[in-house]
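Residue-level structural notes
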Amino acid sequence: MEITGDIATIGYGLATIGPGIGMGILVGKTQEAVARQPELAGPLRINMFIGMALVEALGLIGLAAGFVF
Amino acid sequence: MLTSSTSAVVLAAEEGGGFHGPTLADFFPPAVLFEGTIFEFNRIALVRLIATAMLVLFFWLAARRVRLVPGRAQSMGELAVDFVRKGIAEESLGREIGRRYTPVLVVIFFGVLFMNITGIIPFLNIAGSSVIGLPLVFALLSYVTFIVAGVRAQGGGHFLKSQLFPPGVPWPIYLILTPIEFLSTFIIRPATLTVRLLANMLAGHLLLVLCFAATNYLFFEASSLGLNLAGIGTLAAGFAFTLFEIFVAVLQAYVFTVLTAVYIQLSVESH
């Protein structure tokens, strides 16, 4: 049996696992923290966005790499 | 949307084709004016012009006759600006610095929002930010803003020192940390701002075109009754994804603006 297609799609699919789990942990922990101390919701949300920018960068690099290579 | 995809499918049917899904060629429609030059004007440029005109109209109507007790249009404008000022600028930057950078953040938020939302507006149907030019321009605006903010607050040398050599780290670690920090701050930030917005809008458009083209094909072209009924499912999916796209449009504008505010805050804070 022969499978044809682009291996970059499989590569990108695998590359989304890491950032996906990372984002889930990030947002989940922020939820937990806000539930414990609702008055800190603002700063905690800002920290979540900082973390999100870094974690999502890996997913986006994976997406761009699929197009470049 | 249905008319354009119907006409596309009818043309294809005349060639004897089956289902034609969305492709990347959708994002590069034929030029209407000035073809071949850098001022090439196609459908997407028209959509961007319309979005800009609507944006300018909204804020002009809000700010036309400014009174202490606001009328309706001014209240809407104040609500809009306050959303960015209180919700984004003052939360990340504090009161004084937040006030200073509110204009840039308002421009970024509403610019990106109006460009994104054209993706679900009935006769426009494509987000102005789904081709790389526009996200790149907003990302460059954000890039210049946070660098200028840092240089203004700390002076050029101190700014680079605070970004590239974070304090509280034993000095041998700087050998690996500084290149990573340089890459992360000065190269990856604008790149990810661009690609995040672009990829979200691109994927959203492809999804919506897929749903509605599938509905069209299943209702009108497919042979069996079962497939025709499956068209109802794809139509419902089309509606659901349109609502989802509205959410994504607002969310991506919000995330872009919040990240810009956070980058400004990271540039401006002194240790």
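Residues numbered from 1 in each chain as written. Chains lettered and ligands numbered in written order. Predicted model: local features only at pLDDT ≥ 70, side-chain atom pairs only at ≥ 80, totals over all residues.

Per an unreviewed UniProt entry, chain A carries the name ATP synthase subunit c and comes from Georgenia muralis.

With that out of the way, let us pick up the overall build of chain A. Across its full length, chain A holds three helices and zero strands. Listing every helix and strand of chain A by position from the N terminus yields α-α-α. Here chain A has a C-alpha radius of gyration of 17 Å; the compact-globule value for 69 residues is 11 Å, and the former is much larger. Overall, chain A is about 60 × 25 × 10 Å in size when its C-alpha atoms are taken along their principal axes. (Helix = DSSP H or I, 4+ residues; strand = E, 2+ residues; numbered from the N terminus. Rg over C-alpha atoms; globule rule 2.2 N^0.38 Å.)

Let us now look at the environment of A:Ala33. Residues and elements named next belong to chain A. Considering the arrangement of structural elements, one finds Ala33 in helix H2 (residues 17-36). The partly exposed category is assigned to Ala33, around which 16 C-beta atoms lie within 10 Å. Spatially, the C-alpha atoms of Ala33 and Arg45 are 10.0 Å apart, while their sequence positions differ by 12 residues. (Buried ≥ 20, exposed ≤ 12 C-beta atoms within 10 Å, placed from the backbone.)

Residues B:Leu105, B:Phe109, B:Val112, B:Phe256, B:Ala261 and B:Ile264 are the most contacted members of the largest nonpolar core, which totals 49 residues. Within the residue set of this core, elements represented by two or more residues are helix H3 (41-68) of chain A together with helix H2 (43-63), helix H3 (72-93), helix H4 (95-117), helix H5 (133-154), helix H7 (174-221) and helix H8 (225-268) of chain B. Listed in part, the eight residues of the second largest apolar core include B:Leu208, B:Val209, B:Phe212 and B:Leu218. (Core = buried A, V, L, I, M, F, W, Y, C linked by C-beta atoms within 7 Å.)

Residue and element names in this part refer to chain B. Although it is not a glycine, Phe34 sits at a positive phi angle of roughly 55 degrees. With respect to the element layout, Phe34 can be found in the loop between helix H1 (2-14) and H2. Positive phi values are uncommon outside glycine, yet Asn125 reaches one of about 60 degrees. Along the chain, the position of Asn125 falls in the loop between H4 and H5.

So, on to the environment of B:Leu175. Secondary-structure assignment places B:Leu175 in helix H7. On the basis of neighbour count, B:Leu175 is assigned to the exposed category, with 8 C-beta atoms found within 10 Å.

All right, on to the packing of H2(B) against H3(B) then. All names here are of chain B. Contact geometry for H2 and H3: axes closest at 7 Å, N-to-C directions at 120 degrees. The pairing of H2 with H3 is recorded here as oblique in orientation. As for the relative orientation of H2 and H3, their crossing is left-handed in sense. Two secondary-structure elements touch here, H2 through Phe59, Leu61, Ala62 and Ala63 and H3 through Ala73, Gln74, Met76 and Gly77. Considering only residue class, the contact of H2 with H3 consists of six nonpolar, two polar and no charged. (Axes fitted to C-alpha atoms, helices over the stretch in contact; angles between N-to-C directions. Parallel < 35°, antiparallel > 145°, perpendicular 65-115°, else oblique. Left-handed = near helix turned anticlockwise from the far one by under 90°. Contact = placed C-beta atoms within 7 Å. Nonpolar A, V, L, I, M, F, W, Y, C, P; charged D, E, K, R; others polar.)

Listed per partner, the contact involves 10 residues of chain A and 10 residues of chain B. A per-class count over the side of chain A that touches chain B returns eight nonpolar, one polar and one charged.

So, on to the confidence of the model for chain A. Looking at chain A as a whole, its pLDDT mean stands at 88, while 100% of the residues score no less than 70. The spread of mean pLDDT over the elements of chain A runs between H3(A), the lowest at 85, and H2(A), the highest at 95. (pLDDT = per-residue confidence, 0-100.)

Attention shifts here to the UniProt feature "transmembrane region" (unreviewed entry) in chain A. Residue and element names in this part refer to chain A. Residues given the UniProt feature "transmembrane region" (unreviewed entry) here are residues 7-28 and 48-68. Annotation note: span residues 7-28, helix share 95%, strand share 0%, distance between end C-alpha atoms 32 Å. A distance of 30 Å separates the end C-alpha atoms of residues 48-68, which is 100% helix and 0% strand. (UniProt positions renumbered as here; feature names shortened; annotations may be inferred.)

So, about the packing of H2(B) against H4(B). Residue and element names in this part refer to chain B. Put simply, H2 and H4 touch, their axes get as near as 9 Å, and they point 130 degrees apart. By the angle between their axes, H2 is oblique relative to H4. In terms of crossing hand, the pair formed by H2 and H4 is right-handed. Listed contacts from H4 to Arg48, Ala51, Met54 and Leu55 of H2 are Phe110, Gly111, Phe114 and Met115. Taken together, the residues that form the contact of H2 with H4 break down as six nonpolar, one polar and one charged.

Before going further, it helps to spend a moment on the confidence of the model for chain B. Detailed reading of the predicted coordinates is not advisable wherever pLDDT falls low. Residues and elements named next belong to chain B. The predicted model of chain B averages 87 in pLDDT, with 93% of residues at 70 or higher. The least confident element of chain B, judged by mean pLDDT, is H1 at 43; the most confident is H5 at 94. Scored below 50 in pLDDT, residues 1-16 shows 17 contacts in the model against residues more than four places distant or in partner chains. The ipTM assigned to the predicted complex is 0.78, against a pTM of 0.86.

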